[in-house]
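These are the residues of each chain, in order.
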Amino acid sequence: MPHRDVVTYSSMISIYVKEGELFEAERLFQEMPDRNVVVESAMIDGYAKVGRIDDARVLFDQMPVRNVYSWTSLVSGYCRVGRVDDARKLFEQMPDKNVVSWTTMFLGYARNGLISDARCVFDQMPEKNVVSWTAMVKVYVDNGRLAEARELFDEMPYRNIYSWNVMILGYLDGNRASEAIELFWLMPQKNMVSWTTMVTGLARNGLIERAREFFDQMLEKDAAAWNAMITAYVDNGSVTEAREVFDRMPDKNVVSWNAIIDGYVKNECQEEALELFQLMLLSPVKRNETTLTSVLVACEHIAEIMPIHALALRLGFESDTSLANALVSMYSRSGDLASAYLAFKELVIKDVVSWTSMILAYSNHGCGEYALQVFAQMLRQGEKPDGITFVGVLSACSHIGLVGKGRRIFNSMSLAYKVEPKAEHYSCLVDLLGRFGYIEEAKSVVSTMPPSECDEAVLGALLGACRVHNKIEIASGIGEQLIRLEQSGSGSYVLLANVYASCGMWTDVCRVRKLMKEKNVKKVPGYSVIEVNMRSHLFYAGDQLHPQAKELYEMLQLVLLPQMKDMHAHSLLTELNGTKTH
């Protein structure tokens with residue numbers, strides 16, 4: 001523009017403020033030759049919304065002329081940053097107040113938890129409109145004070161649809177569905193939001209059949225209503241019914257597809273989720289980051305994960321944090337740590353889940369050094385670890401025998417990071433200490449830890465360490481304590497029996513096995529899983545159930561075992577020759 005006037009500048013600055021581009025708004029404001037109360041008020045509002053309340057106050061104090069909007073913007077800003085006293089003082093100094101000013105003040109009190117003060121300001125208002133009445137009702141609803149909300153609602157001289165919806169939603173969120181239904185039928189006019197609120201609210205209260213009744217009674221249904229019913233069924237575990245609603249839906253959007261795909265994944269119907277995703281690819285609806293994240297969780301094989309990753313790259317979603325986190329977890333679960341690290345490394349914004357996923361990936365696959373390197377990078381980046389992060393880090397220390405480092409990290413949890421250790425952290429520490437022979441110290445940890453956190457995993461870790469290091473007396477006491485736990489599984493009994501057997505205490509072995517029979521505890525057999533042509537095959541010890549069992553055993557006896565013997569013999573010979581050479 002060759003010439004810009006105050007209106008042009010004001011318009012541009014207002015747009016920047018509205019879009020949150022305060023730096024650009026400030027730049028134009030500084031170069032503006034003449035300013036007026038409109039643009040100055042807009043800048044005060046912009047400063048207040050981003051928490052720069054002192055800058056807003058400096059500008060406010062410099063204004064030669066102020067209007068009710070500039071006063072109200074600064075009052076709102078003070079409330080937003082929690083400086084309620086400053087807001088009140090400024091509010092009391094206002095020469096002219098309108099209904100917006102009064103509403104801003106009582107909502108500021110409410111935002112800071114001062115509900116009684118908010119009500120006092122509301123009661124002092126010289127005039128109230130439907131917005132202020134509804135705002136005060138919503139304050140009560142949001143704070144769970146439904147009786148006061150309903151009392152005020154009944155006093156309202158005029159109610160709009162939003163007022164009714166606020167009160168109905170309050171009852172539904174408060175698990176008072178019968179009162180919500182009663183109020184809904186008293187409502188003189190209902191819109192799509194009212195009906196959809198009832199559908200979602202009733203489903204959230206576990207009344208899925210009542211939700212369906214309201215859904216079927218809707219004369220018109222928009223996408224939000226259809227999606228609400230699909231989500232209601234999904235959350236209830238009724239995937240078949242959710243699919244039936246989805247198939248009937250005339251115009252499906254990305255939310256609809258995401259809801260049903262995620263529903264299949266959550267209910268462990270991975271094949272159906274992937275099949276539906278294939279249908280989505282043929283539809284005109286565009287996929288988003290949420291779609292790909294849900295589909296990734298359904299993948300079980302590298303061959304399924306990689307096309308999803310490629311699609312994410314093609315669509316430009318590789319920088320989405322949730323999607324990248326899912327990629328790291330799924331690649332890790334499939335054993336492809338290189339691809340997991342690639343997805344992690346390309347992530348621009350890493351959150352605590354990103355770092356933790358990569359740490360767990362390395363730790364779960366025995367790569368303790370790499371897990372600790374990632375943890376060190378995480379701390380350097382200023383990201384605060386959580387409880388799950390420390391499980392991965394402590395496990396990594398256990399894998400590579402860093403007892404001292406493990407101790408220090410465990411002690412730093414509550415002192416440096418305000419993360420209180422739970423059972424899983426104590427289990428990792430006990431396993432670390434016990435694995436490398438610090439049995440007495442591990443026993444001391446168990447005896448001094450909070451009793452509420454002393455579960456089967458902690459005691460099992462100590463018992464396993466006692467067996468390895470032949471601490472029979474300690475093992476016996478821990479084992480007996482373990483099998484007294486009602487939730488104790490077969491592993492505890494078997495481990496204790498093996499401890500007794502290792503030192504010839506056969507009477508105790510028989511006693512433990514008898515206890516297993518009396519309590520109907522079944523030993524879970526070990527198994528192996530291999531993947532061939534994108535199909536998983538599971539084998540138990542001595543398994544004869546596989547349809548190709550005969551061919552498998554023939555291959556094992558005639559080909560594989562002789563090869564294994566030859567390889568073992570060659571290894572021994574190489575070792576002997578190496579010894580002679582030295």
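Residues numbered from 1 in each chain as written. Predicted model: local features only at pLDDT ≥ 70, side-chain atom pairs only at ≥ 80, totals over all residues. Heavy atoms only, no water.

Asks: Could you clarify how one ought to interpret the pattern of salt bridges in this entry?
Replies: Here the idea is simple: oppositely charged side chains can pair when their charged atoms come close. The full count for this structure, using the stated rule, is 24 salt bridges. Note that Glu 31 is salt-bridged to Arg 27, the shortest N-O span being 3.8 Å. Here Glu 31 pairs with Arg 27, and both are found in helix H2 (residues 22-31), just four residues apart, close to one helical turn. Judged by its relative accessible area of 39%, Arg 27 falls in the partly exposed class. Among the ionic pairs, Arg 243 bridges to Asp 247, the shortest N-O distance being 3.0 Å. Of this pair, Arg 243 and Asp 247 are both found in helix H16 (residues 239-248), four residues apart, which corresponds to roughly one turn of the helix. On the basis of relative accessibility, which here comes to 22%, the residue Arg 243 falls in the partly exposed class. Judged by relative accessible area, which is 46%, Asp 247 ranks as partly exposed. Beyond isolated ion pairs, a larger network of salt bridges with shared partners links Arg 4, Glu 24, Arg 27 and Glu 31. (Salt bridge = Lys/Arg side-chain N within 4 Å of Asp/Glu carboxyl O. Helix = DSSP H or I, 4+ residues; strand = E, 2+ residues; numbered from the N terminus. Buried < 20%, exposed > 50% of the residue type's maximum accessible area, 1.4 Å probe, protein only.)

Asks: Explain the packing of aromatic side chains here, please?
Replies: For any pair of aromatic rings, geometry is given as the distance between the ring centres together with the angle between the planes. One pass over the structure, following the stated rule, counts 20 aromatic pairs. Ring centres 5.4 Å apart and planes at 70° place the aromatic pair Phe 184 and Phe 214 in the edge-to-face group. Taken together, the residues Phe 184 in helix H12 (residues 177-186) and Phe 214 in helix H14 (residues 208-217) connect sequence positions 30 residues apart. Relative accessible area serves as the criterion here: at 0%, Phe 184 is assigned to the buried category. On the accessibility criterion, Phe 214 (1% relative accessible area) is buried. Geometrically, the ring pair formed by Trp 185 and Phe 214 is stacked, given 5.6 Å between the ring centres and 25° between the ring planes. Within this pair, whereas Trp 185 is found in helix H12, its partner Phe 214 is found in helix H14, the two being separated by 29 residues in sequence. Here a set of aromatic residues connected by ring pairs shows up, and it is made of Tyr 341, Phe 344, Trp 355, Tyr 362 and Tyr 370. Seen from the ring of Phe 91, Lys 97 lies directly overhead, with NZ or CZ sitting 5.1 Å from the centre. Directly above the ring of Phe 215 sits Lys 221, whose terminal nitrogen or CZ lies 5.0 Å from the centroid. (Phe/Tyr/Trp six-rings, centres within 6.5 Å; stacked < 30°, edge-to-face > 60°. Lys NZ or Arg CZ within 6 Å of the ring centre and 35° of its normal.)

Scope: geometric values only; no functional claims are made or implied.
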